[in-house]
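Structural description and commentary
Spelled out, the chains give:
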Amino acid sequence: MELHGRLGALAERNFRLVFSSTTISALGDGVTTVALAFAVLHISSATALGLVIAARQASSAAITVAAGVWADRLPRHLVLVAAASVQGTVQAIAGTLIVTGHAQVWMLVVLALAFGLADGFVIPTSQGLIPAVVSSTRLQQANALLGLSRSILGVLGPALGGLLVAVGSPGGALLVDAASFAGAALLLRRLSIPARADHVEPEPFFKELRQGWREFRRQTWIWTTIVFFGIGNCASTSLFVLGPLVMKRHYDGATTWAILVGSFGAGTILGGVVALRYRPSRTLLASCVAATPILLQPIGVALRLPVAALVAIAVVAGVGIAVHLALWFTVFQRHVPAAALSRVSSYDALGSFVLMPLGSAIAGPVSALVGVRDTLIGTGSIEAACFAVIIAQPSVWAIRAEPTPPGEVVQEAA
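Note that this is a predicted model, so its numbers are computed, not measured.

Another aspect to go through is the side chain of threonine 379. Of note, threonine 379 is situated in helix H17 (residues 372-392). Those residues in contact with threonine 379 that sit more than four places away from it in its chain are Ala235, Ser236, Ser238 and Pro298.

Here it is in structure tokens:
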């Protein structure tokens with residue numbers, strides 16, 4: 001029991017497998033963050049990069065509501081295995097095309113569409129899976145540990161990606177990501193989860209869809225904020241389209257971009273450590289406030305601040321996002337009924353991300369009209385306005401932390 005106490009959520013076998021799977025895939029994703037951007041810029045323009053990113057985001061948004069229904073019907077860990085298998089195959093094809101010099105923008109757009117369809121299953125399925133693999137009293141710790149894992153690899157991954165781009169082909173980095181998806185799928189396959197107590201014979205598809213919508217509407221704190229998170233996220237995508245372009249023109253290209261992405265990852269590591277023990281009385285309010293430093297990133301890049309200042313901003317933004325996500329997921333998983341978790345999460349994800357493809361697609365053309373600098377400053381201003389509205393919502397202030405129980409039930413470690 002003493003060892004179990006020190007390990008916390010990692011004492012539980014199923015959570016260890018999920019944690020390990022997340023760690024492996026996070027390494028590959030971190031590599032791809034840098035590699036994909038410079039792969040597209042090598043063969044085309046910022047507008048093309050925006051189209052590739054938009055294609056992935058659009059297909060993900062298009063499938064996410066249906067994905068929520070299927071994730072509430074099927075064994076959630078097997079849904080994630082299937083999604084990882086598709087994503088790994090797509091990255092293997094993309095990496096091979098780039099390494100062999102046959103990649104064209106239209107090919108990368110088609111592959112991004114396929115990747116996004118699989119990716120649309122990940123958020124709603126994961127939201128429903130996590131409460132099933134860890135004790136309820138360890139839920140925030142589990143979310144913080146998962147965020148911490150992604151964050152640590154978010155530092156190492158972009159650094160490796162920048163190195164691969166600098167010394168070789170970005171296609172090699174995509175092949176690393178493909179291998180990470182294969183490893184993640186194998187680990188998830190080993191999960192042993194009892195049949196859900198809430199499982200019943202499936203209703204007609206569209207009836208389940210409507211039931212999920214009703215539960216989503218019942219959770220006032222979600223729908224009163226989701227519109228503004230969606231607008232802010234839409235604006236934020238310009239940084240990922242125009243940031244690499246600014247780095248290429250005014251800094252040291254992929255190396256500087258990798259440093260900034262890695263610095264953000266370093267911040268999320270610090271934030272993950274904070275989130276392990278941070279217990280605010282108004283959990284949702286603290287979550288929303290913690291996310292606000294992210295708006296400083298596009299403004300800093302727009303002003304072409306020294307690299308040291310951009311690094312500092314990235315670290316602070318990373319800390320805030322890590323705390324925000326750990327608290328947000330915990331509130332979500334505690335307030336939404338288990339039987340509808342994936343469906344409600346799908347509506348949440350759709351509202352949050354549905355406008356992001358538009359933001360990615362128009363970032364290049366808008367910057368051509370008004371300039372890169374003004375586009376990025378506009379991004380930060382829109383994000384600031386959205387955060388102000390979100391934090392003012394009464395439902396955000398209403399949710400308080402649950403009292404910590406005097407003891408906790410520890411599942412047997414295997």
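The structure having been displayed, the exposition proceeds.
Now for the packing of aromatic side chains. Following the criterion strictly, the structure yields five aromatic pairs and no others. Ring geometry for tryptophan 221 and phenylalanine 332: centres 6.3 Å apart, planes at 80 degrees, overall edge-to-face. A residue pair is termed long-range when its members are at least 10 positions apart, and tryptophan 221 in helix H10 (residues 220-250) and phenylalanine 332 in helix H14 (residues 307-335) qualify at 111 residues. Classification of tryptophan 221 as buried rests on a relative accessible area of 4%.

Further remarks concern a nonpolar patch on the surface. On the surface, a cluster of nonpolar side chains totalling about 740 Å² of accessible area is made up of Val227, Ile231, Leu355, Leu358, Ile362, Val366, Leu369, Val370 and Ile382. Sorting the residues of the nonpolar patch by element identifies H10 and helix H16 (356-370) as the ones contributing at least two each. In terms of residue count, H16 provides more of the nonpolar patch than any other element does, five residues in total. Along the polypeptide, isoleucine 382 turns up in helix H17. Since its relative accessible area comes to 39%, isoleucine 382 is described here as partly exposed.

Attention now moves to the environment of valine 311. Its location among the elements puts valine 311 in helix H14. Taking the C-alpha atoms as reference, valine 311 lies 28 Å from leucine 358; in sequence the two are 47 residues apart. Once residues lying within four places of it in the same chain are set aside, the contact partners of valine 311 are Ile259, Leu260 and Ser263.

Moving on, we get to H16. Over its 15 residues, H16 extends 20 Å from the first C-alpha to the last, a length consistent with the 21 Å expected when each residue adds 1.5 Å. The principal kink in H16, of about 40 degrees, is found at alanine 363, preceding the proline proline 365 by one to four residues. Where H16 is concerned, the buried positions are Met356, Pro357, Gly359, Ser360, Ala363, Gly364 and Ser367. Where H16 is buried, its residues touch helix H3 (46-73), H10, helix H15 (341-353) and H17. Where H16 ends, the next residue or the one after it, glycine 371, has phi of about 105 degrees, a positive value.

Take the confidence of the model for the protein chain next. Per-chain confidence: the protein chain averages 81 in pLDDT, with 92% of residues scoring 70 or above. At the low end of the mean pLDDT range in the protein chain sits helix H1 (residues 2-7), at 48; at the high end sits helix H13 (residues 296-302), at 92. Low pLDDT, under 50, characterises residues 1-6; the predicted model gives this stretch six contacts beyond four residues in sequence or across chains. Taken as a whole, residues 404-414 scores under 50 in pLDDT and shows 22 contacts with residues more than four places along the chain or in a different chain.

It is worth spelling out the pattern of salt bridges at this point. Taken as a whole, this structure holds two salt bridges when the rule is applied. Between glutamate 12 and arginine 138 there is a salt bridge whose closest N-O contact spans 2.7 Å. Taken together, the residues span a long stretch of sequence, with glutamate 12 in the loop between H1 and helix H2 (13-43) and arginine 138 in the loop between helix H6 (122-133) and helix H7 (139-167) at a distance of 126 residues. As far as burial versus exposure is concerned, glutamate 12 and arginine 138 are alike and both buried. Across the salt bridge formed by aspartate 374 and arginine 373, the nearest N and O atoms sit 3.6 Å from each other. Taking the relative accessible area as the measure of exposure, arginine 373 reaches 44% and is therefore partly exposed.

Okay, the nonpolar core next. Membership of the largest hydrophobic core comes to 67 residues, with the highest contact counts inside it found for Phe15, Val18 and Phe38. For this core, the element with the highest residue contribution is H2, accounting for 13 residues. With residues near it in sequence (within four places) discarded, valine 18 still touches Leu129, Ile130, Val133, Leu146, Leu188 and Leu191.

Turning our attention to the side chain of glutamine 87. Among the secondary structure elements, glutamine 87 is positioned in helix H4 (residues 76-99). Looking at glutamine 87, the relative accessible area reads 3%, which means it is buried. Setting aside residues up to four positions removed in sequence, glutamine 87 forms contacts with Phe115, Ala118, Asp119, Val122 and Phe181.

Each value, and the rule that gives it
Residues numbered from 1 in each chain as written. Predicted model: local features only at pLDDT ≥ 70, side-chain atom pairs only at ≥ 80, totals over all residues. Heavy atoms only, no water. Helix = DSSP H or I, 4+ residues; strand = E, 2+ residues; numbered from the N terminus. Contact = heavy atoms within 4.5 Å. Phe/Tyr/Trp six-rings, centres within 6.5 Å; stacked < 30°, edge-to-face > 60°. Buried < 20%, exposed > 50% of the residue type's maximum accessible area, 1.4 Å probe, protein only. Patch = residues over 30% accessible without salt bridge, like charges linked within 9 Å, V, L, I, M, F, W, Y side chains within 5 Å. Areas by Shrake-Rupley, 256 points an atom, 1.4 Å probe, with all protein chains shown as cover. Salt bridge = Lys/Arg side-chain N within 4 Å of Asp/Glu carboxyl O. Expected span 1.5 Å × (residues − 1). Bend = angle between axes of the 7 residues up to and from the residue. pLDDT = per-residue confidence, 0-100. Core = buried A, V, L, I, M, F, W, Y, C linked by side-chain atoms within 4.5 Å.

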